[in-house]
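Results of the structural survey
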Amino acid sequence: MSDPFKRPFEPAPPAPAPGGIAARARGAQRAAYLEGLNPEQREAVETLDGPVLVLAGAGTGKTRVLTTRIAHILSLGRARASEILAVTFTNKAAREMKHRIGAMVGEAVEGMPWLGTFHSIGAKILRRHAELVNLKPDFTILDVDDQIRLLKQLIAAADIDEKRWPGRLLATQIDGWKNRGLTPDQVPAGEGAVFGNGRGRDLYAAYQARLKTLNAADFGDLLLETIRLFREHPAVLAQYQARFKYILVDEYQDTNVAQYLWLRLLAQRPSAATSTSPRRGEVDAPSASGEGGPASPSQTLSPPHPTSALRANVDLSPRGRGEAVPAAMPNPPHAPPKNICCVGDDDQSIYGWRGAEVDNILRFDHDFPGAKVIRLERNYRSTAHILGAASHLIAHNEGRLGKTLRSEGEAGEKVVVSSSWDSEEEARAIGEEIEQLQRRGHRLDEIAILVRASFQMREIEDRFVTLGLPYRVIGGPRFYERAEIRDAMAYLRLVNQPADDLAFERIVNVPKRGLGDAALQSLHDLARARGVPLLEAARAMSTSEAVKPKPRAALRDLVAAFDRWRAQRDTLPHTELAEIVLDESGYTEMWQKDRSADAAGRLENLKELVRSMEDFENLQGFLEHVSLVMDTDRGEDLDAVSIMTLHAAKGLEFDTVFLPGWEEGLLPHQRSLDENGRAGLEEERRLAHVGITRARKNARISFVSNRRIHGSWSSSLPSRFLDELPEQHVEVLEAKGGFAGYGNAYGSRFDTTAAFGSSYTTPGWRRAQKNRGGFEEDPHEYSQVEPEEPTGRMRDIGSRRPPAGGGNGTFKTSTARSTPGFAAPSANGTPARRAPVTIEGELVARSTGAPSAFATGDRVFHQKFGYGRVRAVDGNKLTIQFDKAGEKKVVDSFLNKA
DNA sequence: TTTCCCCTGGTTTTT
DNA sequence: CCAGGGGAAA
C-alpha cells in the first residue's frame, strides 16, 4: 500500500470508530498529504469532530486546508465521498476544489456528488423532491431576464404604474427577501408595503404562485424552497442529515441568511429530527414554524445578538435587518452539532450589499457551541511590506474577529503611492509603468489593475489600445448573460420544452417577425382562456381567420419550425440541431445583417455556444448545466494584463497589482457611505484590503486630483484609506503634476508631500467630511503650468486639453470588450515600444518602424470600434475613420482587414 | 410595428 | 457625458 490514494473513493471501508486501531494504523501511513502543512493548517485538517471555524486570512492556504481535510476524512475512512457535503459560492471554486482533491487523492473525484455551489446542490435536492414543493422534477431555472419579464406582467396586471415601480426593482427586492430566507408571508408588513403602494408583498406572493404554474424556480428558490422542503418534511430533512457526516463550507463570510438557515438545518443531528413534527429548536427561525403558518407579528424585531466571545469588537450590524437574523444554533445539549467546518475570512467580506451577513462568521461560536476556532495567519503570498500595509489598514475596522497576517517571505518593496492630475494621466502612468516592467521581463499576466468601479476601466483600456498593450477584462457580462446567448438558449429551451412560455416570449419576435406587443397580448389571452402554453395558443391562432394574414403567416411558420425541430430532436445530434435551429429561425442571419461593431463577436459567441454543447450528452443535460453554471472559463492563455474590479479579484493573486482611484467617494464609495454608514465604510475598507493583498511583490496605489463625474469635472480628495497605511511600509512618489494642494494634498503623515504646502493638513477622513463634492473647474487652466514629465520620455501636451473637448474617449464600448481579439500583438515578450509622442493629440513620432500591412483607403475591422476606413498610415499606427466610433488612431495589430 | 428621440440615472454581482 | 428604456411619431 505504498500509495493508498490511487485507490478510488468508493467503496469506502465502513467507517471505523474514531481513533480505532485500523484508523490509526492507516493514518500513520498516510500522513504524506499532511506534510508541508504548518501547525495551524494541520490542526484545521485534523480536527474532524464537532464544529470548526477556520479563519483564513488572505494567502494563508485556505483552499489547501479545505481540500486536504476532505482527503483526510476519506483516507481515514470516516466517511464515504458521497457522505461529505462541501459547498462553495462559485462554480469556479467548486471546480477548483474538485480538481485539487482529485490531484491529491486520485482520479475518483466524481465520487464527490455533493461538492458544489449552494445553488447547484439546492437544485439537486429540489429535483429529487420536487412534488413536495409543488414543482415537477424537470422544473426550469429562470434567468434574471425571465424573472423581470414575469414581474413586469404581474405589475401590469396589478394595475401599478410600471414607470414608478419598475420590474427590476421588485426583482431586487424579492431577491433580497429570498436571501434573507423570507417567504411572502414572512416579509415584515412594513417592508412588504414599500413597493408599489403597499403591494410589494402581494406581488411577491403572486410571483411565487406564478412560478409554480410555470413549473419554474428562480435562483433564490433553489435555497428557499429547499429550506421549506426541509421544514415541512422532516423525514426528508432527516434523510440528508443522516447522509452528510461531514459538512464543509468555503467563504463562510459570504453566506447570507438563507444559506445560513440551510446549513443550520443540515448541520443538526438527525436523531431528533426524524420525529414527524418540526423541532422545538426551530422556533427561533424567522418563521414561527415549518407548517407554513404566518410568522408572529411580534417577531419582526429580534433581540440583539448575544455578544460572541469570539468577537473582538462590537458588532456594527448595519443594515437594520436584525429581524431576519436567526438566533442561536438550536441544537439542544444532548444533540451536539455535527461535524461542520466553515472556512472564511471576515476581512474579505465584500458582498454585504447582496445579502451576505458578516455576522454569520462573527457569530459562529455562538451558533455552534463548542466550536473550535483556528486562525491561519501565516501568509505565503505577499512580501512583508505589502502585508504590513494591508494589516495596518484593516486594523481600522472594528467589526472583525482580528487576525494578524505574518509574512513568511522577505520584506520586498514598499507599497508605492502616487497621484495624477486626472484619470487619463493616471491611465497613462500605469501604461508606462507596465511597459517598463515588461521591458524588465515581467510577465503581463502577472499584472493586474484592480478598480473600484467598472467605469474606471474605460480610460485604462483606451490607453492600452493606443499603446498596443494586450489586456483582458475579467468579469463584465458573462458568456451566458449575453443577449445573443440567451436568445439562442431560449430557442433551445423551447425545442426541449414547448411549454416554456418565458422562452417563447423572449424569441417570438427575435428576429423581427412582425409579432409585437399586440400579437403577444392576444396570444396570452388565448393561452389563458384555453389553459395551454403560448406555443399552443400560437398554433391555434395561426389557423384562425380572426388574425390578420401577416401575423398569421408568421405564427404558422414559427409553429411549423418548432414542430420540425422537435421532431429532429431525437434523431439529430444536439449540436447539429442547434445549428439548424439558429439558421432556420433566421437568428444567425439577423446578426449577419447587423453591421454594428459587435455583431461579429456575437456570431462568434454563438459558434462558441454550439461548440460548448459538444461536452454534453444531450440537449437536456446541456440546458441544466447552463442554467446553473453561468460562467464559462474560456481561459485565454494570452499573456495579457488583467483589468477587473476589486470584487472580481477576490481569490486571485498577481506579482504586481495596480490600485487606481483611491479617492474619497470612489474607494470608500460615496453610496456605500451614504447607505450603510460605518458598516459601509468598513466594507469598503475590506475591499481596499482585498486589493492590496492580491499582490505578491508589488502594490501600486494611485489617486487623481480631478475626476469627471457624470460629465462634469470635480476635484477629488485622496482616500482616507491612504492615511491609514503605515508609513514604514509605504513609499510616496512625488506627484508629477505638481499642483500644490491637490495631487500632493493628501498624506498629512507623509513628509514627502508636506513641502508642497498643502492646504489640507487634517487627516483625510476629516477632510472628506467637509464640503464634499468640491468645486468644479477646468483643468485646462492649469495646463500651461504642467512641468515636463520626470522621465522625459514623453511630452503629452495633447492630454492637457480640456477633456470635455470631445474627440478622444467618445467611442462606444461594446460587449465585445471582454474578449479583445488581439491578433497576437507583437508586444508579446518583445521589448516594449516607447510610448508615442503626441502633441495636441496628433501623432508625430513613433518608435516602431515596421511598415504596416494596411494602406490608406482599406476597409478594416476593429474588435472594439467596429468597421472603418484607413485614413492615414504612419508605420504601425493608423488613423481610422470608424463608421460608428469616429476617427481614432489605432495600432495595426488591433485591426483586421474587412 | 418599428423607429427615433427624449429622459433618466449612473458601485460592486453570484447563482 | 452616454447608455438604456420608454413614449410618441411614421
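Sequence order sets the numbering: in each chain, residues are counted from 1 along the sequence as written. Following the order in which they are written, the chains are lettered starting with A and the ligands numbered starting with 1. Local features are withheld for residues below a pLDDT of 70 in this predicted model, meaning they are given only at 70 or higher, and side-chain atom pairs are given and counted only at 80 or more; totals for whole chains, interfaces and linings count all residues. Excluding hydrogens and water, the side-chain figures rest on all heavy atoms present in the structure.

Per an unreviewed UniProt entry, chain A carries the name DNA 3'-5' helicase and comes from Rhodoplanes tepidamans.

The secondary structure content of chain A amounts to 32 helices and 25 strands. With 898 residues in all, chain A has 57% of them scored as buried. Secondary structure counts use DSSP, requiring at least four H or I residues in a row for a helix and at least two E residues in a row for a strand, with both numbered from the N terminus. Each residue is assigned to one of three classes by its accessible area relative to the maximum for its type, calculated with a 1.4 Å probe on protein chains only: buried under 20%, partly exposed between the two thresholds, exposed over 50%.

This part covers the packing of aromatic side chains. Aromatic pairing here means that ring centres of Phe, Tyr or Trp (its six-membered ring) are within 6.5 Å. Orientation follows from the plane angle: under 30 degrees is stacked, over 60 is edge-to-face, and everything else is tilted. With the rule as written, the count across this model stands at 20 aromatic pairs. Between the aromatic rings of Trp662 and Phe721, the centroid separation amounts to 6.5 Å while the plane-to-plane angle is 80 degrees, which identifies the pairing as edge-to-face. Of this pair, Trp662 sits in the loop between strand E15 (654-659) and helix H29 (670-693) while Phe721 sits in helix H30 (residues 720-723); the two residues are 59 residues apart in sequence, bridging distant segments of the chain. What makes Trp662 buried here is its relative accessible area of 2%. Phe721 sits in the buried class, given a relative accessible area of 0%. Put simply, the rings of Tyr491, Phe562, Trp565, Tyr587 and Trp591 pair up and form one aromatic cluster. Positioned over the ring face of Trp353 is Arg354, at 5.9 Å from the centre of the ring. Each ring is checked for a lysine NZ or an arginine CZ that lies within 6 Å of its centre and within 35 degrees of its normal; such an atom marks a charge sitting over the ring. A cation over a ring is seen here: Arg363 above Tyr260, with NZ or CZ 5.4 Å from the ring centre.

The next thing to look at is the nonpolar core. Phe504, Leu523, Phe562, Trp565, Leu609 and Phe622 are the most contacted members of the largest nonpolar core, which has 49 residues in total. Top contributing element to this core by residue count: helix H19 (residues 483-496), with eight residues. The criterion used for residue contact is that any of the two residues' heavy atoms lie within 4.5 Å. Excluding its chain neighbours within four sequence positions, the residues that come into contact with Phe504 are Leu494, Leu520, Leu523, Leu534, Leu535, Ala538 and Leu558. To qualify as a nonpolar core, a set must consist of buried Ala, Val, Leu, Ile, Met, Phe, Trp, Tyr and Cys residues joined through side-chain atoms within 4.5 Å. Counting 48 residues, the second-largest nonpolar core is a separate cluster that includes Phe118, Ala258, Leu261 and Ile340.

Here we come to the protein's contact with DNA strand B. By convention in this text, a residue qualifies as near a molecule or strand provided that one of its non-hydrogen atoms is within 4 Å of it. Residues in close proximity to DNA strand B total 29 residues, the closest being Asn91, Arg452, Ser454, Arg478 and Thr645. What you see for DNA strand B is that sugar and phosphate hold 54% of its atoms within 4 Å of the protein. In the model, a base oxygen of DNA strand B is placed 2.7 Å from a nitrogen or oxygen of the Arg452 side chain. At 3.3 Å from a phosphate oxygen of DNA strand B is found a side-chain nitrogen or oxygen belonging to Asn509. Taken together, the elements giving at least two residues each to the surface near DNA strand B come down to helix H21 (517-530) and H29. Any pair of nitrogen or oxygen atoms within 3.5 Å is treated as a polar contact; in protein, a donor-acceptor pairing is required on top of that, and neighbouring residues in sequence qualify only through side-chain atoms on both sides.

Another aspect to go through is the packing of H19 against helix H27 (residues 619-628). A fitted line through C-alpha atoms serves as each axis, taken over the contacting stretch for helices, and the angle formed by two N-to-C directions is quoted from 0 to 180°. In the contact formed by H19 and H27, the axes pass within 11 Å of each other and the chain directions differ by 130 degrees. Here H27 runs oblique to H19, going by the angle between their axes. With respect to the hand of their crossing, H19 and H27 are arranged in left-handed fashion. Contacts from Met489, Leu492, Arg493 and Asn496 in H19 reach Leu619, Gln620, Phe622, Leu623 and Val626 in H27. The class makeup of the residues in the contact of H19 with H27 is six nonpolar, two polar and one charged. Orientation labels follow simple angle bins: below 35 degrees gives roughly parallel, above 145 gives roughly antiparallel, 65 to 115 gives roughly perpendicular, and whatever is left gives oblique. A crossing counts as left-handed when the near helix is turned anticlockwise from the far one by less than a right angle, and as right-handed when that turn is clockwise. Classification convention: Asp, Glu, Lys, Arg as charged; Ala, Val, Leu, Ile, Met, Phe, Trp, Tyr, Cys, Pro as nonpolar; all other residues, Gly among them, as polar.

Let us now look at the pattern of salt bridges. Each reported salt bridge corresponds to a side-chain nitrogen of Lys or Arg within 4 Å of a carboxyl oxygen of Asp or Glu. Throughout the structure, instances matching the rule amount to 57 salt bridges. With a shortest N-O distance of 3.4 Å, Arg42 and Glu46 are connected by a salt bridge. Placement of the pair is Arg42 and Glu46 together in helix H2 (residues 39-46), with a separation of four residues, close to one helical turn. Given a relative accessible area of 36%, Glu46 falls into the partly exposed group. Here Arg406 makes a salt bridge to Glu377, at a shortest N to O gap of 3.7 Å.

So, about the packing of helix H9 (residues 200-213) against helix H10 (residues 219-232). Here H9 crosses H10 at 90 degrees, and the two axes come no closer than 14 Å. As summarised for this structure, H9 and H10 are arranged roughly perpendicular, according to the angle between their axes. On H10, the residues that touch Tyr204, Gln208, Leu211 and Lys212 of H9 are Asp221, Leu224, Glu225 and Arg228. The class makeup of the residues in the contact of H9 with H10 is three nonpolar, one polar and four charged.

Let's shift gears to a negative patch on the surface. Patch membership is restricted to residues that have no salt bridge and whose relative accessible area is over 30%. Joining uses 9 Å for like charges and 5 Å for the nonpolar side chains Val, Leu, Ile, Met, Phe, Trp and Tyr. Calculation of accessible area relied on Shrake-Rupley with a 1.4 Å probe; when residues are assessed, cover is drawn exclusively from the protein chains displayed. Asp and Glu count as negative and Lys and Arg as positive, but His and the ends of the chain are not part of the count. To locate a charge, take atom NZ for lysine, CZ for arginine, CG for aspartate or CD for glutamate. A surface patch of like charges, here negative, comprises Glu576, Glu579, Asp583, Glu614 and Asp615. Structurally, Glu579 can be placed in helix H24 (residues 574-584). Note on Glu579: relative accessible area 42%, which makes it partly exposed.

Looking now at the sheet that holds strand E3 (residues 115-117). Strand order in the open sheet formed by six strands is E3-E2-E6-E7-E1-E8, with parallel pairing between adjacent strands. Of all the strands in the sheet, just E3 and strand E8 (372-376) have a single pairing partner and so form its edges. Across the sheet, the mean angle separating the axes of adjacent strands is 15 degrees when strand polarity is ignored. In this description, strands pair whenever DSSP reports at least two bridges between them. Pairing of strand E1 (residues 52-56) with E8 involves five bridges; the strand directions are parallel.

Moving on, we come to the environment of Ala384. Tracing the sequence through the fold places Ala384 in helix H16 (residues 384-394). C-alpha separation for the pair Ala384 and Gly409, spaced 25 residues apart in sequence, amounts to 6.7 Å. Those residues in contact with Ala384 that sit more than four places away from it in its chain are Ser407, Glu410, Ala411 and His729.

Only a minority of non-glycine residues have a phi that is not negative, and only a minority of peptide bonds are not trans. In this model, Val510 is joined to Pro511 through a cis peptide bond whose omega is 0 degrees. Position of Pro511 among the secondary structure elements: in the loop between helix H20 (501-507) and H21. Although it is not a glycine, Glu251 adopts a positive phi angle of roughly 50 degrees. Assignment of secondary structure puts Glu251 in the loop between strand E6 (246-249) and helix H12 (257-266). Since its relative accessible area comes to 16%, Glu251 is described here as buried.

As a further point, take the environment of Arg486. In this structure, Arg486 sits in helix H19. Each C-alpha atom, one on Arg486 and one on Pro726, is 48 Å from the other, the two residues being 240 residues apart in sequence.

Here chain A shows a mean pLDDT of 75. Residues at 70 or above account for 69%. Scored from 0 to 100, pLDDT reflects the predictor's confidence in each residue. When pLDDT is averaged over each helix and strand of chain A, the minimum, 24, is found for strand E20 (residues 842-845) and the maximum, 97, for E15. Ignoring residues within four places in sequence, the model shows residues 1-28, a span with pLDDT below 50, making 41 contacts including any to other chains. The low-confidence segment residues 737-851, where pLDDT is below 50, has 225 contacts with residues more than four positions distant or belonging to other chains.

Here we take up the environment of Arg400. Position of Arg400 among the secondary structure elements: in the loop between H16 and strand E10 (406-407). The exposure class of Arg400 is buried, given its relative accessible area of 9%. With 39 residues separating them in the primary sequence, Arg400 and Ile361 have C-alpha atoms 9.5 Å apart. For Arg400, the side chain forms a polar contact with the side chain of Asp347, separated by 2.6 Å.

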